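# Structure assessment
Below are the chains, spelled out letter by letter.
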Amino acid sequence: MDEEKGAVAQSLIDVVNEISSVSEYRTTVKKLCSNLARRLKLLVPMFEEIRESNEPIDEDTLKTLVSLKEAMSSAKDYLKFCSQGSKIYLVMERDQVTSKLMEVSVQLEQTLSKIPFEDLDISDEVREQVELVLSQFRRAKGRVDASDDELYEDLQSLCIKSSDLDDYQPTLQRVAKKLHPMEIPDLAQESVALHEMVASSSGDAGESIEEMAMVLKLIKDFVQMETDGSEDQSAGANSSSNGQTSTAVSQKIPVIPDDFRCPISLEMMRDPVIVETGQTYERTCIEKWIEAGHSTCPKTQQALTSTTLTPNYVLRSLIAQWCEANDIEPPKPPSSLRPRKLSSFSSPAEANKIEDLMWRLAYGNPEDQRSAAGEIRLLAKRNADNRIAIAEAGAIPLLVGLLATPDSRIQEHSVTALLNLSICENNKGTIVSAGAIPGIVQVLKKGSMEARENAAATLFSLSVIDENKVTIGALGAIPPLVVLLNEGTQRGKKDAATALFNLCIYQGNKGKAIRAGVIPTLTRLLKEPGSGMVDEALAILAILSSHSEGKAIIGSSDAVPSLVEFIRTGSPRNRENAAAVLVHLCSGDSQHLVEAQKLGLMGPLIDLAGNGTDRGKRKAAQLLERISRLAEQQKEMAAQAQNKEEDEPAHSASTTEATDT
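The structure displayed is predicted, hence computed values, not measured ones. For every chain, the first residue of its written sequence is number 1, and the numbers climb from 1 along that sequence. The predicted origin of the model limits local features to residues at a pLDDT of at least 70 and limits the giving and counting of side-chain atom pairs to 80 or more, whereas totals for whole chains, interfaces and linings rest on all residues. Hydrogens and water molecules were not included; the side-chain quantities draw on all heavy atoms of the structure.

With that out of the way, let us pick up the overall build of the protein chain. From N to C terminus, the protein chain includes 34 helices and three strands. Residue burial is assigned from relative accessible area. The probe radius is 1.4 Å, only protein chains are included, and a residue is buried under 20% of its type maximum, exposed over 50%, and partly exposed in between. A burial count over the protein chain gives 46% of its 661 residues as buried. Note on areas: these come from Shrake-Rupley sampling with a 1.4 Å probe, and a residue is covered only by the protein chains present in the view. With the model as given, the accessible surface of the protein chain reaches about 32,600 Å², and the carbon-plus-sulfur share is 50%. Under the scheme used here, helices are H or I runs from DSSP no shorter than 4 residues and strands are E runs no shorter than 2 residues, and both carry numbers assigned from the N terminus.

Grouping into patches uses exposed residues only, defined as over 30% relative accessible area, and leaves out salt-bridged ones; the cut-off is 9 Å for like charges and 5 Å for nonpolar side chains (Val, Leu, Ile, Met, Phe, Trp, Tyr). Each reported salt bridge corresponds to a side-chain nitrogen of Lys or Arg within 4 Å of a carboxyl oxygen of Asp or Glu. Two residue types count as positive, namely Lys and Arg, and two as negative, namely Asp and Glu; His and chain ends fall outside the count. A charge is said to be at NZ when it belongs to Lys, at CZ for Arg, at CG for Asp and at CD for Glu. Negative charge collects at one region of the surface, where Asp58, Asp60, Glu118 and Asp119 lie side by side. Inspection of the secondary structure assignment puts Asp60 in helix α4 (residues 59-84). Accessibility expressed as a relative area gives 57% for Asp60, which makes it exposed.

A pair of strands is considered paired only if DSSP assigns at least 2 bridges between the two. The sheet built from three strands is open, its strands ordered β2-β1-β3 with antiparallel pairing. Taken across any chain shown, the strands that pair with only one partner, and hence form the sheet edges, are β2 (280-282) and β3 (310-311). When strand β1 (residues 272-274) meets β2, the two strands line up antiparallel, connected through three bridges. Opposite Val273, over in β2, you have Tyr281 as the bridge partner. Contacts between residues were defined by any pair of non-hydrogen atoms, one from each residue, lying within 4.5 Å. Between N-to-C directions, angles cover 0 to 180 degrees, with each direction set by a line fitted to C-alpha atoms, over the stretch in contact for helices. Helix-sheet contacts for helix α13 (residues 283-291) involve β1, β2 and β3, and the interaxial angle to β2 is about 95 degrees.

What follows is about the packing of aromatic side chains. Pairing of aromatic rings covers Phe, Tyr and the six-membered ring of Trp, with a centre-to-centre limit of 6.5 Å; geometry is then stacked below 30 degrees between planes, edge-to-face above 60, and tilted otherwise. Taken as a whole, this structure holds two aromatic pairs when the rule is applied. Summarising the aromatic geometry, the rings of Phe260 and Trp322 are spaced 6.1 Å apart at their centres and angled 75 degrees between planes, so their arrangement reads as edge-to-face. One end of the pair, Phe260, is in the loop between α12 (243-252) and β1; the other, Trp322, is in helix α14 (residues 313-325), and 62 residues separate them in sequence. There is no split in this pair, since Phe260 and Trp322 are both buried. Comment: the charge-over-ring label is applied if NZ (Lys) or CZ (Arg) is within 6 Å of the ring centre and within 35 degrees of the ring normal. If you follow Arg39 out to its NZ or CZ, it ends over the ring of Phe137, 5.6 Å from the centre.

As a per-residue quantity, pLDDT reports the predictor's confidence and falls between 0 and 100. Scored by pLDDT, the protein chain comes out at a mean of 80, with 81% of its residues at no less than 70. pLDDT under 50 marks residues 237-253. Its contacts with residues more than four places away, or in other chains, come to seven contacts. Low pLDDT (under 50) marks residues 335-345, which in the prediction has 19 contacts with non-local residues, meaning those over four places away or in another chain.

Right, let's get into empty space enclosed by the protein. To find leftover empty space, one rolls a probe the size of a water molecule over the atoms. Here the term cavity refers to a set of points on a 1 Å grid, laid over the protein atoms alone, in which a 1.4 Å probe fits but cannot get out; the term pocket refers to an open set having protein on both sides within 12 Å along at least five of seven lines, with lining residues being those that place an atom within 4 Å of a point. Grid points are joined across faces, edges and corners, and a volume is the space filled by probe spheres set on the points. Taken as a whole, this structure holds one cavity of 30 Å³ or more when the rule is applied. Looking at the largest cavity, its volume works out to about 40 Å³. In this structure, the largest cavity is lined by Lys5, Ile50, Ser53, Glu55, Pro56, Ile57, Asp119, Leu120, Asp121 and Ile122.

Applying the stated rule across the entire model yields 30 salt bridges. Residues Arg515 and Glu549 are paired through a salt bridge, measuring 3.3 Å at the closest nitrogen-oxygen approach. On the criterion of sequence distance, the pair formed by Arg515 in helix α26 (residues 507-515) and Glu549 in helix α29 (residues 548-555) is long-range, its members being 34 residues apart. Under the relative-accessibility criterion, Arg515 is labelled exposed at 57%. Owing to a relative accessible area of 35%, Glu549 belongs among the partly exposed residues under this scheme.

The following block contains the structure:
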């Protein structure tokens with residue numbers, strides 16, 4: 001029990017740490033989310049004292065702490081939802097968003113109030129702090145902060161006006177100012193976030209997605225028009241001057257965006273590279289900085305444990321597009337500026353080929369991008385050295401960007417290339433950090449069948465890392481995986497099943513999978529021996545049966561006959577998984593155990609206890625113990641019934657004697 005107490009307390013601390021890592025919330029929900037996060041951070045001292053305490057706690061208190069962890073995990077998921085999601089969605093669906101935040105707060109308050117603080121070994125100061133948090137939750141109940149009605153009404157008005165931008169320029173100016181999506185890259189990010197939030201929302205946003213997409217398009221058109229207008233004004237100013245003065249003015253008018261300037265030289269970057277901290281610099285500037293003996297990032301002052309420089313092809317592409325739009329000579333390829341450092345894993349010929357592929361991905365037309373992504377897909381599949389060299393060359397952010405392309409073949413090559421690159425353990429973190437998961441999930445939903453299969457396989461590969469299980473589940477991957485498991489090809493079903501198995505190892509994902517309807521699909525596959533999916537279905541059911549909702553659904557699906565049959569005739573792995581499911585079903589419910597006994601469970605169970613795998617033997621022993629306890633209970637009940645029957649004639653006889661007297 002002490003080990004469980006410590007583990008639960010540590011897991012609560014870990015959840016709060018994840019919440020603390022969320023750097024910023026969207027403006028529209030900033031106050032609500034910040035208050036919720038602040039209150040949860042105040043609970044850390046209590047969790048630390050519980051973890052360090054030598055005093056035991058009872059089972060009910062432990063269950064309450066586990067419930068608190070589940071409530072806090074739900075809060076964490078939704079706080080991330082409000083941090084990374086679409087600004088437009090959060091405004092237009094403000095009632096649903098606010099309601100969900102209030103629901104999460106109420107759940108936390110109710111669970112927290114059930115903890116018996118008097119029985120816990122915590123200091124008076126910590127207890128007072130927790131009671132303060134509880135009172136804050138109670139005061140906040142039912143109290144909703146004033147929202148920006150003008151912004152909401154402006155967005156609503158954009159849904160019903162005509163398609164002529166001139167009709168509502170003032171409205172668009174106000175909206176753009178409040179949402180701050182004024183640059184094209186920001187708008188592209190907003191587009192992805194909008195579709196992701198609608199897709200992963202538990203509410204029914206189907207009717208409003210069209211309106212949100214239309215509003216986003218209007219804002220994009222407005223920003224583009226403003227940009228074009230600025231260029232026209234520049235051209236007019238140039239034409240109004242003459243001689244050298246005109247030339248000088250035309251050269252000064254374009255203002256270089258700050259993101260395009262090197263933080264060291266403050267000049268526009270020609271060969272931008274990324275350092276370990278994620279900051280981007282001009283290659284020559286950062287190399288001189290490092291060669292001068294500095295071991296920190298110039299902008300953040302964080303220590304640089306590695307001097308690896310990764311080309312930022314995405315930024316270089318944006319700079320080139322901006323230069324072209326402003327009649328400025330675009331940056332030349334880095335190879336023409338200075339010799340490149342080759343990866344230690346690549347020959348010069350291979351390095352040149354990879355460099356050429358990067359340029360085609362970043363600057364090429366769709367046909368070039370398609371062929372380049374296809375070649376990278378094959379190179380990454382070939383060997384480990386290629387996977388390292390391709391990642392070092394900066395391919396991952398470019399491939400992630402191509403996941404949103406409407407070209408199905410580019411999409412398919414890109415997601416498969418990411419799958420092959422993810423085989424290298426060091427690349428998994430880079431892929432997730434590059435924001436790949438939302439794009440992979442979108443491919444899983446909308447891509448070709450082969451792309452969907454490889455998207456599922458990529459999620460499986462990435463979910464090997466525990467923290468990625470949380471991220472993947474939170475970003476809406478589980479429902480489309482269940483769909484693929486239900487309707488995919490044989491290979492697609494296998495890929496979906498392995499991904500679901502890995503994701504459901506994390507407790508917080510079990511409920512998501514259950515609510516997505518995975519159990520009816522799994523029980524159907526159990527009863528279709530020809531499906532070739534029995535092994536996977538049993539393995540996932542063994543995990544989900546430990547969840548209360550999962551146990552109830554499996555129990556009502558008439559699965560016991562199939563489970564008994566697998567214990568009798570299945571493979572060693574299937575026998576242990578079937579026994580594991582049955583252990584959970586029979587916990588606290590003798591009905592399933594009686595049914596299993598009637599179906600002839602005892603013989604196969606005794607055989608499994610003697611000849612099964614180690615886990616199979618343990619599960620069989622647990623079931624045999626429960627059968628033994630059930631038999632004793634039945635004997636006791638029979639004895640009590642018999643005693644009652646024997647007492648009744650004696651009582652009847654004594655009554656008769658009394659009457660005769």
